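# Survey of secondary and tertiary structure
So the chains spell out like this:
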Amino acid sequence: GYTLLLQSMGVAYAGALRELPFDALRDLAPVALVASQPSMLGTHSSVPSKSVREFIQLARSKPGRLTYGSAGPGGASHLSTELLASMAGVRFVLVQYRGIGPAMTGLLSGEVDFGMLGISTMLPHVESGKIRALGVTGAKRSALVPDVPTIAEAGVPGYGFDAWYAVLAPVKTPRAVLRKINADVNRVLQQPDTRQRLSGLGMEPLGGSEEEFAQYFRAEVAKWHKVIKDAGIREQ
């Protein structure tokens, strides 16, 4: 009879994009991290850059001219790119699409120069040669594309973006219940079939204690609120 929320990282920054009837830090209890999913920085084959360093150099030589597709304002593809722009000291031009599918179509057609989209979404087009994979956004290389470096190791030290998914609950949920749910989530995440299914989707099982997730959640709220404010992002 308890209400739970299985939500993406958007819960950490939605309040920075628009007015909400709740405060994520005040009203939600972090229960357990479930999984993370990095994205891929991929360019249309016509873009001359062959590496992250060359791509950043190109962006600096053409300030405000390289275009990228986003699946919506404040989404993972939007924020991961704005974080890259901020850390690399470059400017990109955002082209908004109504979802990941149209954004991918825009990249494949050359309507935009690059995109930061899910690895599993990008991979078939990388293998066909239509998209050039420059880097992955996570803190470590992805098992799906082990030969593709992280953006941090390939030219932008300190960069990291992993879209995460987690279980949260109303803040007044009894602590004993939260501990039980956390233990159950961690148990399921250790099961081989669960880990295999998540890995096949380009996701890494996480888990951990409530306290670890609470600390991480506070840091994510602060981080993304700053990125959104600095980039002037608002949901339309």
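Scroll up to find the structure this text is about.
Report follows, based on the coordinates. Remember, it's a predicted structure, so these values are computed and weren't measured experimentally.

## A word on the packing of aromatic side chains
The geometry of two aromatic rings is summed up by the distance between their centres and the angle between their planes. Per the counting criterion, the structure on display carries 10 aromatic pairs. Aromatic side chains tryptophan 164 and phenylalanine 217 sit 6.1 Å apart centroid to centroid with 80° between the ring planes, which places their arrangement in the edge-to-face category. Pair noted here: tryptophan 164 is in strand β7 (residues 162–170) and phenylalanine 217 is in helix α10 (residues 210–231), with a separation of 53 residues, a long-range link. Residue classification places tryptophan 164 among the buried residues on the basis of a relative accessible area of 1%. With a relative accessible area of 2%, phenylalanine 217 lands in the buried category.

## Some remarks on the nonpolar core
Soluble globular proteins tend to pack their nonpolar side chains together in the buried interior. Judged by nonpolar contacts, the single largest core of 44 residues is most densely connected at Leu41, Leu84, Phe92, Trp164 and Phe217. Secondary structure elements with two or more residues in this core: α1 (10–17), β2 (28–44), α3 (52–61), α4 (76–88), β5 (114–118), α7 (151–154), β7 and α10. If one sorts the elements of this core by residue count, α10 sits on top with six residues. With near-sequence residues (within four places) excluded, tryptophan 164 lies in contact with Gln7, Ser8, Met9, Val11, Ala12, Leu33, Ala35, Ser36, Phe213, Tyr216, Phe217 and Glu220.

## Observations regarding the pairing of β7
Looking at chain direction, strand β1 (residues 5–8) and β7 are connected through four bridges and run antiparallel. Bridge assignment links serine 8 to a residue of β7, and that residue is tyrosine 165. Where β2 and β7 come together, nine bridges link them in antiparallel fashion. Across the sheet, the residue bridging to leucine 33 is alanine 166, located in β7.

## Structural notes on the pattern of salt bridges
Scanning the model with the defined rule gives eight salt bridges in all. The salt bridge involving glutamate 211 is made with arginine 175; its shortest N-O contact spans 3.7 Å. With glutamate 211 in helix α10 and arginine 175 in helix α8 (residues 175–189), the pair connects residues that are 36 residues apart, well separated along the chain. Residue arginine 175 is classed as partly exposed on the basis of its relative accessible area of 45%.

## A short note on α4
In an α-helix there are 3.6 residues to a turn, and that puts residues three or four apart on one side. Look at α4: 18 Å from first C-alpha to last across 13 residues, which is about the 18 Å you get at 1.5 Å a residue. Among the 13 residues of α4, 10 are classified as buried, and the element is accordingly described as predominantly covered. Of all the positions in α4, only Ser77, His78, Leu79, Ser80, Thr81, Glu82, Leu83, Leu84, Ala85 and Ala88 are classed as buried. In the segment just after α4, glycine 89 is the residue with positive phi, at about 70°.

## Considering the environment of glycine 129
Note on placement: glycine 129 falls in the loop between α6 (119–127) and β6 (131–136). The class of glycine 129 is partly exposed, set by a relative accessible area of 47%. As for glycine 129 and serine 45, which are separated by 84 residues in sequence, their C-alpha atoms are 7.3 Å apart.

## Let's talk about the environment of serine 109
Its place among the elements puts serine 109 in helix α5 (residues 100–109). Given a relative accessible area of 53%, serine 109 falls into the exposed group. Of note is the side chain of serine 109, whose polar atom sits 3.1 Å from the backbone oxygen of glycine 106.

## Re the side chain of histidine 44
Among the structural elements, histidine 44 can be located in strand β2. Note on histidine 44: relative accessible area 14%, which makes it buried. Polar side-chain contacts of histidine 44 include one of 2.8 Å to the side chain of serine 46. Among residues more than four places away in sequence, those in contact with histidine 44 are Leu107, Leu108, Ser109, Gly110, Val112, Asp113, Lys130, Ile131 and Arg132.

Analysis parameters
Residues numbered from 1 in each chain as written. Predicted model: local features only at pLDDT ≥ 70, side-chain atom pairs only at ≥ 80, totals over all residues. Heavy atoms only, no water. Phe/Tyr/Trp six-rings, centres within 6.5 Å; stacked < 30°, edge-to-face > 60°. Helix = DSSP H or I, 4+ residues; strand = E, 2+ residues; numbered from the N terminus. Buried < 20%, exposed > 50% of the residue type's maximum accessible area, 1.4 Å probe, protein only. Core = buried A, V, L, I, M, F, W, Y, C linked by side-chain atoms within 4.5 Å. Contact = heavy atoms within 4.5 Å. Pairing = 2+ DSSP bridges. Salt bridge = Lys/Arg side-chain N within 4 Å of Asp/Glu carboxyl O. Expected span 1.5 Å × (residues − 1). Polar contact = N/O pair within 3.5 Å; in protein donor to acceptor, adjacent residues only side chain to side chain.

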